[in-house]
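# Reading the structure
Listed below are the residues making up each chain.
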Amino acid sequence: MNIDMLIDGILDSYDRYGGINRTEAENFPNRQNVVSVLQDIQCLIFPGFRFAEDINPSNIRYITGMRVNNIIAMLTKEIQKALVYTVTQQKGNADNIENSHCFKLAEDVSFALVEEIPEIRRKTQLDTNAMLQGDPAARSAEEVILSYPGLEAILVHRIAYFLFVNGVPIIPRIMSEHVHGKTGIDIHPGATIGESFFIDHGTGVVIGETCVIGSNVKLYQGVTLGALSVKKDLMNKKRHPTIEDNVTIYAGATILGGETVIGHDSTIGGNTWLTHSVPANSVITQEKRNK
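Residues numbered from 1 in each chain as written. Predicted model: local features only at pLDDT ≥ 70, side-chain atom pairs only at ≥ 80, totals over all residues. Heavy atoms only, no water.

### Digging into the sheet that holds strand S2 (residues 192-193)
- Spatially, the four strands line up as an open sheet ordered S2-S5-S8-S11, and their pairing is parallel. In this open sheet, the two strands that pair with only one neighbour each are S2 and strand S11 (261-262).
- By the bridge criterion, two bridges tie S2 to strand S5 (residues 212-213) in an arrangement that is parallel. When the sheet's bridge partners are listed, Ile193 is paired in S5 with Ile213. (Pairing = 2+ DSSP bridges. Helix = DSSP H or I, 4+ residues; strand = E, 2+ residues; numbered from the N terminus.)

Here it is as structure tokens:
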């Protein structure tokens, strides 16, 4: 068997099974471009923390401006792809009018996201402070910013959530799965999360699409906020729990169901399994059984 036959076999698989992202107008968003945009946004959130940069008062405006322009240009292009792809899937094709309309929507959302960055920075500062105050091992805000996977996962979620609620398809999931791969923390971009959110350690945390989390909530590793059922016909229903303000959920706890509400100021012990609501100020632990 020669090289040409090997190439023909691969090309034939493209025709048989799909999965190729072509360069035509209806192509899918590019993951590498989305990740590049995400990194630029993270650099605007925490300047000088992600890359070795010489940032000083004389050049910070230039550096910021360069990133803003890069974000708007590339994100607009990728959002347009996502919108055109969605229209194509629904209608079978996307004409020039649809393409132009998708471009305008994509550009508007890109500008809106950049406008939202100061607010995302405010919320992220609160998240950082929650980790600094809540973890005795944290020595400084800078240490948290540089090394805590929970903070990175929450920051990316706040970016992806903004795009998600503004009707952007596909791209928020690319962002959330990128940071999931880095941190082991899986937060669906549709989850609603309040201020001062703290994920400690983080590995194995799962937060579902319709989960609602209040302010000053703390989760440890291995916590699942999931659904009781994963049937496809439930896709537009609330499937995941509501966690009210000032709740702490310890490692390995599983809380399931769209009607499940964990009342404010409650503590859920490690390895606890809950499929029902608990009132405010509850302390829930595993039952002790005599062997």
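### Considerations on helix H6 (residues 149-165)
- With 17 residues, H6 ought to run about 24 Å at 1.5 Å a step, and its terminal C-alpha atoms sit 24 Å apart, in line with that.
- Within H6, 12 of the 17 residues are buried, which leaves it mostly tucked inside the rest of the structure.
- Along H6, the positions that sit buried rather than exposed are Gly150, Leu151, Ala153, Ile154, Leu155, Val156, His157, Arg158, Ile159, Ala160, Phe162 and Leu163.
- Positive backbone phi, approximately 85°, marks Gly167, located one or two places after H6. (Expected span 1.5 Å × (residues − 1). Buried < 20%, exposed > 50% of the residue type's maximum accessible area, 1.4 Å probe, protein only.)

### Structural notes on the sheet that holds strand S3 (residues 198-199)
- With parallel pairing, five strands are arranged side by side in an open sheet as S3-S6-S9-S12-S14. The open sheet is flanked by S3 and strand S14 (283-284), the only strands paired with a single partner.
- Bridge analysis of strand S12 (residues 267-268) against S14 gives two bridges, and the strand direction is parallel. Note that in S14 the partner of Thr267 across the bridge is Val283.

### Comments concerning empty space enclosed by the protein
- Applying the stated rule across the entire model yields one cavity of 30 Å³ or more.
- In this structure, the largest cavity spans a volume of roughly 30 Å³.
- Lining the largest cavity we find Ala153, Val156, His157, Ser176, Val179, Ile185 and Ile187.
- If you list the elements that add at least two residues to the lining of the largest cavity, you get H6 and helix H7 (171-183).
- For the lining of the largest cavity, the leading source of residues is H6, giving three residues.
- Tallied by class, residues from the lining of the largest cavity come to five nonpolar, two polar and no charged. (1 Å grid on protein atoms, 1.4 Å probe; cavity = no way out; pocket = protein on both sides within 12 Å on 5 of 7 lines; lining within 4 Å. Points joined across faces, edges and corners; volume = space filled by probe spheres on them. Nonpolar A, V, L, I, M, F, W, Y, C, P; charged D, E, K, R; others polar.)

### A few points about the packing of aromatic side chains
- Here the structure, examined in full by the defined rule, presents three aromatic pairs.
- Ring geometry for Phe46 and Phe49: centres 6.1 Å apart, planes at 65°, overall edge-to-face.
- Judged by its relative accessible area of 13%, Phe46 falls in the buried class.
- Plain terms: the ring middles of Tyr220 and Tyr250 are 4.8 Å apart, the flat faces sit at 15° to each other, and that makes the pair stacked. (Phe/Tyr/Trp six-rings, centres within 6.5 Å; stacked < 30°, edge-to-face > 60°.)

### Observations regarding unusual backbone geometry
- With a phi angle near 60°, Asn271 is a residue other than glycine that sits in the positive phi range.
- With respect to the helices, strands and loops of the structure, Asn271 is situated in the loop between S12 and strand S13 (273-274).
- Of note, Asn281 is a non-glycine position whose phi angle comes to about 65°, a positive value.
- For Asn281, the location among the structural elements is in the loop between S13 and S14.

### Thoughts on the pattern of salt bridges
- Following the criterion strictly, the structure yields 10 salt bridges and no others.
- Here Arg173 ties to Glu177 by a salt bridge, and the two come within 3.6 Å at their closest N and O atoms. Linking Arg173 with Glu177, this pair stays in helix H7, spanning four residues, or about one helical turn.
- By relative accessible area, which is 40% here, Arg173 ends up partly exposed.
- Classification of Glu177 by relative accessible area gives partly exposed; the value is 28%. (Salt bridge = Lys/Arg side-chain N within 4 Å of Asp/Glu carboxyl O.)

### What about the nonpolar core?
- Among the nonpolar cores identified, the biggest contains 66 residues, and Ile207, Leu225 and Ile249 are the most heavily contacted of them.
- If you list the elements that add at least two residues to this core, you get helix H2 (31-45), helix H3 (60-91), helix H4 (96-134), helix H5 (141-147), H6, H7 and S3.
- Residues within four places of Ile249 in sequence aside, it is in contact with Lys218, Leu219, Tyr220, Val223, Leu225, Ile243, Ile255 and Ile268. (Core = buried A, V, L, I, M, F, W, Y, C linked by side-chain atoms within 4.5 Å. Contact = heavy atoms within 4.5 Å.)

### What to know about a nonpolar patch on the surface
- A cluster of nonpolar side chains, namely Ile3, Leu6, Ile7, Ile10, Leu11 and Tyr14, defines an oily patch on the protein surface of about 550 Å² accessible area.
- Relative to the assigned elements, Ile3 resides in helix H1 (residues 3-17). (Patch = residues over 30% accessible without salt bridge, like charges linked within 9 Å, V, L, I, M, F, W, Y side chains within 5 Å. Areas by Shrake-Rupley, 256 points an atom, 1.4 Å probe, with all protein chains shown as cover.)

### Regarding the side chain of Ser176
- Tracing the sequence through the fold places Ser176 in helix H7.
- For Ser176, the contacting residues outside a window of four places in its chain are Ile187 and Pro189.

### Remarks on H1
- With 15 residues, H1 should cover 21 Å at 1.5 Å per step; its first-to-last C-alpha distance of 21 Å lies within 8% of that length.
- After H1 finishes, the residue Gly18 shows a positive phi value of roughly 70°.

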